Each structure stands twice: as C-alpha cells, then as structure tokens.
Amino acid sequence: ACDLDAYALELDQAHIFHSWSAQTSAHASAVSIESGLGSRVWDHAGTQYLDFSSQHVNVNLGHQHPALLAAIRTQSELLATISPPTANITRGEAAKRLAAIAPEGFNRVFFTNGGSDANENAMRMARLYTGRDKILSSYRSYHGNTGSSIVATGDPRRIPNEFARGHVHFFGPYLYRSEFWAKTPEEESERALQHLRRVIEAEGAATIAAVLLEPIPGTPGILVPPAGYLAGVRELCDQHGILLILDEVMSGFGRAGEWFAFDAFDVRPDLITFAKGVNSGYVPVGGVIIDDPIAAFFNERVFPGGLTYSGHPLATATVVASLDTIAAEGILEHARDIGENHIGPGLGALAERHSAIGDVRGRGVFWAMELVTDRQTREPVPAATMARIRAALVTRGLLPFVSENRIHIVPPCVVTGDEVAEAMAIYDEVLTAELA
Ligand code: PLP
C-alpha cells in the first residue's frame, strides 16, 4: 500500500462513523478507493479491483460514465441548486422520463434524497389515501433506514429500531428455504398467497393501507418470485382496497434486465419507489412514481411531506442522462444478455465444481449463489467462513457483495462477458481455497 492509502484508512479510523456496524470491525475491513472506470476501481497504489457489488448495488452504468459526468458539469455551471417549489426544466424532464417508462397512468413524481425516504413517503401517501394505518411487508426485505422504512424492513436490522407503529410482516416465496413445505414453484406461489390471504384476514383487511414489496427481494438474496405470485398479491390487494407499493430501489433501471423488475411479471402497482440505479448514485436521489388517482387525491388536499433537496438539479440532471443512456446504449438488452449468456452459465459451471454452492438464482445482473455446508441439509456456511471468503475475494482483486451465507453477483449493467469470466475465475479460486 502507498502512503495515501494508509492516510485514507487513518482518516477513516479517526473520523468516520460507519453504517450498520460495530465501528472497530468496520474500520478494520475498510478498503481505500481513489478512482474508478466502468466495472473497475483502484486504490492510490494502483491496485485494481473488479467491482462486483456495484458499490451498494447502485452503480448500474458503471463508474465515471462520461454522459453522467457531463450532465453534472453542465448543470453545475448553470445552476447548482434550486428549491422544490420552483419550476425547473431539468427536474421536469427527469419526471417526464420516469413517467414515460412507468405503466400508463403514472404521471407524477415526488423526488426524495434516496430509497429510504422514497418508501417513507410512499407509505405516507398510502396511509393518507386509504385512511388506513397498517403496512404489510415481507420478513425477507430491506426498505431503508428511516422511521417507517426500517420498521417495514423485515430483516433483523428492524428489531432495535421498532419505534414506528402499524407494521406487520409476512413470508414471501423462497422455494430453496420454503416456509410452506413446498416442492415446486407452483406450490410455493400458491401457499405463499394463501399465507398472505390469512395474514390480511387476521389483521383485518380494513386496517391495511398497503402491501410493500420488492418485486425481486434484493438484499435478502435475489429471491426471484415464482410465476403468478405478484399477480396474486395484486388480486388480494384489489379484493380488499389495499394499495400495492413496489420497491424498485435495487431492482430497477437495468439491474433485472428491465426498466422495472415488475415489467417481467404480470402486475401493476399503485406506487413505485426508486433510487440507486436511477442515476447510478452519482448524486443522491430517489422518489415515488405515483398512479394518477393517488396524485389527484392531493389536488385539493395538502400533501404533508417534503424535503429541501426534493428534485435537486444536479440529481435530476443525472437522472435525465442515465435514463437516456440506458435507452441509447441498449443497457437493458445488454444486462439480459450478460445474465443469460455469461453470469447464469458461469454460476452453473461453478456449482458443478463446488458442492458448497447450494443454489444459484437471478436474472439480468442481479444474481446470488448460496453457500452451504451440506447440499442435503442446506445448512448455511457459517459467518466466520463467509468473512474469510469476503477477505480472500478482496485480496484477489474483486469487491464482493456478501450477505449472510450468500455471494451476490451484482456488477454494473455495463459489465463485459470477459469481466464476468474474470470474476468467475476469482470466485472459483477462492471457493477452492476456502471451502475445499
Ligand atoms: N429499498 C431497497 C430495496 C433497498 O435495497 C434499499 C437500499 O439498499 C433501500 C430501499 C434504501 O435506499 P437508501 O439506502 O438509498 O435510502
């Protein structure tokens, strides 16, 4: 390592308070990064890493995309900030483009600073619109870090944060570790829907404002739902006057090979939340795309929510540039091709060589491999081994996304077939060294 990397780590240790971590271990595992390009990043010493986490699964267009940098440069020279009540062409163009990729009848966008507050405001809209209180969401979910979003989150990060009321959880489909003793995708879908129906009845349908779901739960393990599940949830919502909020924060904008992951399924939500890949995280932004009847509800009623940086011009300039680039460069098609012809087959080949790989699943550039100590019992590889695997991947030049007993394969959508092959060779080496 060079002096500047040591200095970066020293500053980090002395002054940075890290997310979701005990500080000592966060400081110990920090990696110094100075620069990036496409699917790669470098430290000051010139050590190269393949970024197979896309940072926080958000750098969909890769690092330092020229169109995004140009958008920031141009907008910053014109006007670097403006308050939310103002009419501004950059903000309007970003909203117009989001409306254009959403289903028919979604015409308005409420901009936020990220995904957590996008969900926070979608839940607020749903509660006001329905006059009901409860939000139903999956135990296997992550919806964000703020008041209601962290309590809507199902994973254990929720538990020390349970200060918001009106949140109820249920189990979604996950055939590999079925809660419903299912053996086939059809059984899993049918039984997960029956379970949700019973939760709705037991909670009292008339108290439920919305079901909040990631169409493909991301952080919990890229849990691609079986055919018919999302349509079934929509049907249950319709039967009971419950809104459906689909959280596309991680799954949208090319990640699943679609504009929105739900485009691959037969379902229409009432509210769509977004962030991350909408502008590859170059400037913080998120928001809610709102179905017309819900937007119209607030025509003569005050919407009691807002943010100083709602529709920030540097953020919305990068949204315009990102959406135009995704269309112009055929990013959705490329992500699908990478999933079908490179990552999918690559993981299939790895699974043949390593009995520790219990399951692989995904689509587009949104995949997971699940590591087990025994394919029969499906016992997860322990946390200490996963920590060693993570460190070994970094040492071999790959920045991984590791969660519980899984490695998520989530490179930028612009990743090449050769880069996927390079990553597969690194996974292969590390699994051989650490699990043989
Ligand atoms: N929703 C989903 C599905 C996410 O994956 C995340 C972040 O990982 C969020 C919401 C929260 O977004 P943010 O961290 O931008 O607030």
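These numbers come from a predicted model, not from an experiment.

**Q** Now, about the overall build of the protein: what can you tell me, with residues and values included?
**A** Secondary structure summary: the protein contains 14 helices and 16 strands in total. A compact globule built from 436 residues would reach a C-alpha radius of gyration of about 22 Å, and the protein, at 21 Å, matches this within 12%. Structurally, the protein occupies a C-alpha span of about 60 × 60 × 40 Å along its principal axes. Expressed as a percentage of its 436 residues, the buried residues of the protein come to 50%.

**Q** Now, about the pairing of strand E11 (residues 357-363): what can you tell me, with residues and values included?
**A** Counting buried positions along E11 yields six of seven residues, so the element is predominantly enclosed. Remark: two residues form the turn of the hairpin made by E11 and strand E12 (residues 366-374), two consecutive strands paired antiparallel; Gly364 in that turn has positive phi of roughly 60°.

**Q** Run through the sheet that holds strand E2 (residues 40-42), naming residues and quoting values.
**A** The strands making up a sheet associate through backbone hydrogen bonding, with each pair oriented either parallel or antiparallel. With respect to topology, four strands assemble into an open sheet ordered E1-E2-E3-E14, the strand pairing being mixed. The strands lining the two open edges of the sheet, one partner per strand, are strand E1 (35-37) and strand E14 (398-399).

**Q** Let's hear about the domain arrangement of the protein: which residues, and what values?
**A** The assigned domain composition of the protein is domain 1 (33-64 + 330-435) and domain 2 (66-328). Taken together, the 27 residues of domain 1 in the interface contact 26 residues of domain 2. For the side of domain 1 that touches domain 2, the secondary-structure elements that each account for two or more residues are helix H3 (54-57), helix H12 (331-353), E11, E12 and strand E16 (406-409). If you tally residues by element for the side of domain 1 that touches domain 2, the top one is H12, at five residues. For the side of domain 1 that touches domain 2, the per-class residue count stands at 11 nonpolar, nine polar and seven charged.

**Q** Outline the packing of helix H13 (residues 383-395) against helix H14 (residues 417-435), supporting the account with residue identities and numerical values.
**A** Across the interface, H13 lies against H14 with an axial gap of 10 Å and an inter-helix angle of 135°. As far as their axial angle goes, H14 and H13 are oblique. Viewed along their axes, H13 and H14 form a crossing whose handedness is right-handed. Here Thr385, Arg388, Ile389, Ala392 and Leu393 of H13 lie close against H14, whose contacting residues are Ile426, Val430, Ala433 and Glu434. Among the residues making up the contact of H13 with H14, the classes are represented as six nonpolar, one polar and two charged.

**Q** If you had to explain the site of the ligand to someone new, which residues and values would you point to?
**A** Around the ligand there are 17 residues in total, and Gly114, Gly115, Ser116, Val249 and Met250 lie nearest to it. When residues in the shell around the ligand are grouped by element, the largest group, three residues, is from helix H6 (residues 115-130). Of the residues belonging to the shell around the ligand, the class tally is four nonpolar, 11 polar and two charged.

**Q** For the nonpolar core, give the residues involved together with the corresponding values.
**A** The biggest cluster of nonpolar side chains holds 117 residues, and the ones touching the most others in it are Ala126, Ala210, Leu243 and Leu271. Structurally, this core is a two-domain feature, drawing no fewer than three residues from each of domain 1 (33-64 + 330-435) and domain 2 (66-328). When sequence neighbours within four positions are dropped, the list of residues in contact with Leu243 reads Ala126, Tyr129, Thr130, Ala209, Ala210, Cys237, Asp270 and Leu271.

**Q** So what's going on with the sheet that holds strand E7 (residues 208-213)? Which residues, and what values?
**A** As summarised here, the arrangement of the seven strands in space is E4-E10-E9-E8-E7-E5-E6, forming an open sheet in which the pairing is mixed. The open sheet has two edge strands, strand E4 (106-112) and strand E6 (167-170), and neither has a second partner. Each neighbouring strand pair of the sheet contributes to a mean axis angle of 20°, computed without reference to strand direction. The strands touched by helix H5 (residues 89-101) are E4 and strand E10 (286-291); relative to E4, the strand with the most contacts, the crossing angle is about 130°.

**Q** Which residues make up the environment of Ser32, and what are the values?
**A** Summarising the element assignment, Ser32 is placed in the loop between helix H2 (23-29) and E1. Residue Ser32 is classed as buried on the basis of its 20 C-beta neighbours within 10 Å. Other than its neighbours up to four places away in sequence, Ser32 contacts Asp5, Ala8, Leu9, Asp43 and His44.

**Q** Run through the confidence of the model for the protein, naming residues and quoting values.
**A** Should the pLDDT be low somewhere, the predicted coordinates at that spot are not to be read in detail. Looking at the protein, pLDDT values average 97 and 100% of them are 70 or higher. Confidence metrics for the complex model read pTM 0.98 and ipTM 0.99.

Conventions used here
Residues numbered from 1 in each chain as written. Predicted model: local features only at pLDDT ≥ 70, side-chain atom pairs only at ≥ 80, totals over all residues. Helix = DSSP H or I, 4+ residues; strand = E, 2+ residues; numbered from the N terminus. Rg over C-alpha atoms; globule rule 2.2 N^0.38 Å. Buried ≥ 20, exposed ≤ 12 C-beta atoms within 10 Å, placed from the backbone. Pairing = 2+ DSSP bridges. Domains from an automatic or database assignment. Contact = placed C-beta atoms within 7 Å. Nonpolar A, V, L, I, M, F, W, Y, C, P; charged D, E, K, R; others polar. Axes fitted to C-alpha atoms, helices over the stretch in contact; angles between N-to-C directions. Parallel < 35°, antiparallel > 145°, perpendicular 65-115°, else oblique. Left-handed = near helix turned anticlockwise from the far one by under 90°. Near = placed C-beta within 6 Å. Core = buried A, V, L, I, M, F, W, Y, C linked by C-beta atoms within 7 Å. pLDDT = per-residue confidence, 0-100.

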